[in-house]
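Residue-level structural notes
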Amino acid sequence: KAGVTQTPRYLIKTRGQQVTLSCSPISGHRSVSWYQQTPGQGLQFLFEYFSETQRNKGNFPGRFSGRQFSNSRSEMNVSTLELGDSALYLCASSLGGRIHNEQFFGPGTRLTVL
Amino acid sequence: KNEVEQSPQNLTAQEGEFITINCSYSVGISALHWLQQHPGGGIVSLFMLSSGKKKHGRLIATINIQEKHSSLHITASHPRDSAVYICAVNNNNDMRFGAGTRLTVKP
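Below: a short report on this structure. Remember, it's a predicted structure, so these values are computed and weren't measured experimentally.

The rules behind each value
- Residues numbered from 1 in each chain as written.
- Chains lettered and ligands numbered in written order.
- Predicted model: local features only at pLDDT ≥ 70, side-chain atom pairs only at ≥ 80, totals over all residues.
- Heavy atoms only, no water.
- Contact = heavy atoms within 4.5 Å.
- Buried area = accessible area lost by both parts, 1.4 Å probe.
- Salt bridge = Lys/Arg side-chain N within 4 Å of Asp/Glu carboxyl O.
- Polar contact = N/O pair within 3.5 Å; in protein donor to acceptor, adjacent residues only side chain to side chain.
- Buried < 20%, exposed > 50% of the residue type's maximum accessible area, 1.4 Å probe, protein only.

A separate point is the interface of chain A and chain B. The interface is formed by 16 residues belonging to chain A together with 16 residues belonging to chain B. Surface buried jointly by chain A and chain B totals about 1400 Å² across both partners, of which 55% is contributed by carbon and sulfur atoms. Counting across the interface, chain A meets chain B through zero salt bridges. The interface formed by chain A and chain B holds one residue pair in polar contact (both at pLDDT 80 or more) in total.

Below, the discussion takes up the pattern of salt bridges. All names here are of chain A. Tallied over the full model, the rule gives seven salt bridges over all chains. A salt bridge links Arg 55 to Glu 48, with the nearest nitrogen and oxygen atoms 3.8 Å apart. The class for Arg 55 is partly exposed, based on a relative accessible area of 37%. For Glu 75, the salt bridge identified is with Arg 73, shortest N-O distance 3.3 Å.

As structure tokens, then:
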């Protein structure tokens, strides 16, 4: 079974631009969660999608949004990029939701904002 | 004060040594996770537990709900165990992470 894939793996953007990141979960997994990792703040939970609905959201501004498609693939969008958005963005999929199920992480997308 | 505290921050061991990494949390949780992150960023979920003890090969994770404390043990450590180990807790609908413990196992 193929693992979680994320595209692109690396991305460079400038302040004010917007970016869309993609995550394809393991086949059959209905939950996709997104995380941001920075040297200063460590790992932080962004949001979780389950069956095309946002189930939970972390403490991030509205510039961070996401969606999930009927095939469980998920996208994350960041608008009006700031320098502080430079980070490793990880997604993880699970069968029935991250609260009670093991999560499988993708390799991440490293975003650099100049 | 962080809601999830890990200790130590850095740990260097000789191959074969027994390793313990600790995690204390201050919030109510429904589950606790131990994650392993290798250089380059890939994360692997090692354990998810809400009570007692779990064992996978040379790795053992325990949790004491009353004391709000969990430990990750590695027996017969090996250089390939070198990684950052992260403790994370499910708190209501949020997930909180520790800062991680960087483990280096020398041959």
